[in-house]
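Structural overview for review
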Amino acid sequence: MDIEHANLTAVTRMMDARPILKGVATARDVIPGMKDNLFLHAGPPITWQRMSGPMRGAVIGAMMLEGMAKTEAEAIALAEKGAVEFAPNHEHGAVGPMAGVTSPSMKVYIVENVTHGNKAYCNFNEGYGKVLRMGAFSDEVITKLRWINDTFAPIVGEAIEASGEGLDIRALLAEALHMGDEGHNRNKAGSLLFLKWLAPFIAKVAKDNNVESEVLKFICDNALSVLNPVMAACKAMTDAAHGIEGSTLVSTMARNGTDFGIRVSGLGDRWFTAPAEVPQGLWFPGFTAADANPDIGDSAITETAGIGGFAMATAPAIVTFVGSTPREAVNATLEMYEITVAEHKHFTMPVLDFRGTPTGIDIRKVIEKSILPRINTGVAHRLPGIGQVGAGLVRPPMAIFEEALIAYAEKYGLEN
Amino acid sequence: MPFIKSETRSGAYYDSAVLMQLQRGLLGLPGVLDSGAVMGTPANLELLEQSGLLTDDAKKAGVNDLLIVVKAESDGVVAEALGQVDSLLARRRSAVAQEFRPKSLETAVQQLPEANWVLVSVPGRFAAGVAREALNLGKHVFLYSDNVSLEDEIALKKTAQAKGLLVMGPDCGTAIINGVGLGFANRVRRGPIGVVGASGTGTQAVTARIHNLGSGVSHAIGTGGRDLKSEVGAITAHQALDVLACDPETKVIVLISKPPAANVATKLLAAAQASGKPVVVDFIGYPPPARKLDNLHFSAGLSEAAEIAVKLLEDWRIREFSNAKRPRFASDLYLRGLFSGGTLAYETMLGLQAVLSPLYSNSPISDSQILPDPLKSQAHTIVDLGDEVFMVGRLHPMIDNDLRLRRLKQEAADPETGLILLDVVLGEGAHPDPASELAPAIAEITRSENRRIEVVTMVIGTDSDPQNVESQVERLKAAGAIVFRTATGAIEYVARRMSQPPDSVGLPVSLDSFNQPLAAINVGLESFYESLVGQGAQAVQVDWKPPAGGNEKLAAILAKMKKKK
């Protein structure tokens, strides 16, 4: 077994994967293993008992959306008696930002990696303010979710269908990285590119001008519109790199608000977890670090795929957002080259003379150099029902990389 | 009653310069009486104890733990001071955070691909690993770190030798490459004198003196203090000599070391001799065989070494030396010296043992040179025929040539004999006409159809001696002997004809890497980096940390994974 070769195979598959946004469907109908009482969530596996506030809030809201509960109390009672099952999105080919709760009736994007044939799914982005993914579940949250599910998503789905070919998300990302996005916290350019591509098809399929206007306005108003298809695309790319015998490449990084978990390409579906840390960030007015929930969301799939925090050099507009200077943003990307095995073939950064983004985290390099991956992230309130309090930078706990390395040594007979 | 409190940070490595600044920063806070910021090595814990700063908590710190201790007038001041640690560390970092500092050698090489040199000054237990990585990346290593095991040193140097790279060190303090000082070095002008130094301060003393005498240094190559031990076999010193011998800018070479192992010294001097350039040797404490032996000049001290080197530069003969064709005997042919004079034999031994090995005698200088059977020569042999073993019932060989004539025949018949060296001592009391007996025997040897054995004689006598020295010399020459009128002349000639430069091992070190503008990667002491930049060299500082944060279990797994590929 040759580790370098295995890693090269894995990272090449990751970069060669070509994720195409193919359509929209109901989770129940397309997500493998999805069933009526199964709620998928962000991060590694977790029980209701250990769930953080925002995760619980999102579960409560999703039960309301599904019509299983009318009130918070009813939802909690159901959850406590085990009426629903929980499983990580990642174990079902899916991802979701922040709480990432995906319930059976929710509409999801379908992204297909046309190089290797695997598919990935992600729910729809709700925009800003009080949103389910941040743990809010008030009436306005549920009303908006219903509108997305019943009106917005079907039109977007029809528009994608009308396009015939679908949307090449890898190409969209490559372009957005040249327009100041890093693909995780900043998706302004990507969302505009998404809108530009969708608009003619939406115009074609919409039967009502008012609805068409509302749909277009919702995309226009939400600079994170493209984040969810992007995350599904990253999931499709990283899944292609998973399961390579002997590889030390990280194929998943995800957080559930309680634990941070990673999976490693050559170590099967085992999660390595440790308590998630609270991001260092900028706080929305009225909030402080004391309000922040520990790190949450599947969106670290972007960093796993070589963008997000790893591509900070190309997104100077948000450096203050992560408490820094443009020079430090470049340094942040340079630091990530220390722990990755390749420079991305398709994702390049003009400021670094079009060098590829650092891609494919190698657990060996993380341990050897004591450098942890940087993740750009949003921050949710630690209590259910409140929502986003800020955004910032976080790193995974070192312990999970150490555990993974030891597990690798055990599996591949490298113990003392 | 002052308050003392300590804080331990596991796995946080900082180099000592950073910690000293932190310590100074803490001391500067109002109310702080004393402070310590050190890595928790046993030596540092002892230092803290001596300063009365070793708390019970601090005693538990390990070598990879950062220990911060504050002593102050009040509890509040202590807490306040400990609270300042991060900002004190950060203040310093922000000053240097502008340019990205690579965290590994691998990345540093990408950043400065033209770097030929890697300076390593990390703690000893990590140094061999960093040096190995540098060699694998094809870089020469200046290894300042000490506490590197002898096994590691040998392994590193063998690897380097096979790749045509140099490992200067471990524990190498000084080098000057193409005008740029590495580690501790004086600012000396570029010039025609090359230095190979197994001693850092020795190299500084010599190079500084050379500069002050108005000359300059081409390259000063350090080897580390253990290079001339027999286990290491002077691998670096030999490579360094080769480089300087090839370098057209280097006209004279100075070789400095504390007392080397005898077997190592012989090989190194043979190599120095074979370089053809004048080499000034200062082996401190090693008996100089002569003031001068062929192109080797022996000095009695560091400043004298510099003075001889500078003086040699003025010598027109340097050119002759460099261009001289130097035919040698094959390595399986040996010297056989048959002496009538004990002291002449001894002086010849002393001179030739510097470059010939193994060398045996019935009157040896060291025990390892004892000839087991005085009647039979082996390898290079010098026999004192005046020794009492031979004298039972005989006249002294200065009077009676019989024994020497028999031994001459015996040596001539030995297929291993290449050169026979004889002394011919004239004067009152000696044989009235030694040439009458020796010349025919010599002629028989030199005119043999089968083999070419050379016969060299040193004739000691004056024109007033009864034997007529001119006629003696003439007849010896006529018999085919090579004749010298002094012992030194004969010894130098033999040294030149018989010494064998050691077989070159590994790849030769490329001269290009010395003569390009110096570019280097520094791993460790930041002052070395600053010094390189200050001298106008291109340099990259690696923000180094112990592998796996010093966690030995994880580091062991990583090492195995590296082997596995």
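The following refers to the structure shown. What you are looking at is a predicted structure, and each value in this text was computed from that prediction instead of being measured. (Residues numbered from 1 in each chain as written. Chains lettered and ligands numbered in written order. Predicted model: local features only at pLDDT ≥ 70, side-chain atom pairs only at ≥ 80, totals over all residues. Heavy atoms only, no water.)

Overview of the side chain of E153 of chain B
- Mapping E153 of chain B onto the fold places it in helix α8 (residues 150–163).
- Judged by relative accessible area, E153 of chain B falls into the buried class, the value being 1%. (Helix = DSSP H or I, 4+ residues; strand = E, 2+ residues; numbered from the N terminus. Buried < 20%, exposed > 50% of the residue type's maximum accessible area, 1.4 Å probe, protein only.)

Details of the interface of chain B and chain A
- With 24 residues of chain B at the contact, the number on the chain A side is 28 residues.
- The contact between chain B and chain A buries some 2,300 Å² in all, and 59% of this surface belongs to carbon and sulfur atoms.
- Where chain B packs against chain A, one counts three salt bridges.
- We note a salt bridge from E106 of chain B to K369 of chain A, for which the minimum N-O separation is 3.8 Å.
- Remark: the boundary between chain B and chain A carries nine residue pairs in polar contact (both at pLDDT 80 or more).
- Taken together, the elements giving at least two residues each to the side of chain B that touches chain A come down to α6 (105–111) and α22 (552–564) of chain B.
- With nine residues, α22 of chain B is the largest single contributor of residues to the side of chain B that touches chain A. (Contact = heavy atoms within 4.5 Å. Buried area = accessible area lost by both parts, 1.4 Å probe. Salt bridge = Lys/Arg side-chain N within 4 Å of Asp/Glu carboxyl O. Polar contact = N/O pair within 3.5 Å; in protein donor to acceptor, adjacent residues only side chain to side chain.)

Digging into the pattern of salt bridges
- This model, assessed by the stated rule, comprises 42 salt bridges over all chains.
- The salt bridge involving E85 of chain A is made with K35 of chain A; its shortest N-O contact spans 3.1 Å. With E85 of chain A in strand β3 (residues 85–88) and K35 of chain A in the loop between α2 (27–30) and β2 (38–41), this pair connects stretches of sequence that are 50 residues apart.
- R475 of chain B is the salt-bridge partner of D433 of chain B, the closest N and O atoms lying 2.7 Å from each other. Highlighted residues: D433 of chain B in the loop between β18 (417–425) and α17 (434–446) and R475 of chain B in helix α18 (residues 469–478), separated in sequence by 42 residues.

Remarks on the environment of G166 of chain A
Residue and element names in this part refer to chain A.
- Tracing the sequence through the fold places G166 in the loop between α5 (139–163) and β7 (167–168).
- Under the relative-accessibility criterion, G166 is labelled buried at 15%.
- If we ignore the near neighbours within four places in the chain, the residues touching G166 are I20, L21, I160 and W197.

So, the packing of helix α6 (residues 169–177) of chain A against helix α7 (residues 188–205) of chain A
Residue and element names in this part refer to chain A.
- At their nearest, the axes of α6 and α7 sit 8 Å apart, and the two run at 135 degrees to each other. When the axis of α6 is compared with that of α7, the two are oblique. For the pair α6 and α7, the crossing hand works out as right-handed. For the pair α6 and α7, contact is made by L172, E175 and A176 and by A189, G190, L193 and F194, respectively. (Axes fitted to C-alpha atoms, helices over the stretch in contact; angles between N-to-C directions. Parallel < 35°, antiparallel > 145°, perpendicular 65-115°, else oblique. Left-handed = near helix turned anticlockwise from the far one by under 90°.)

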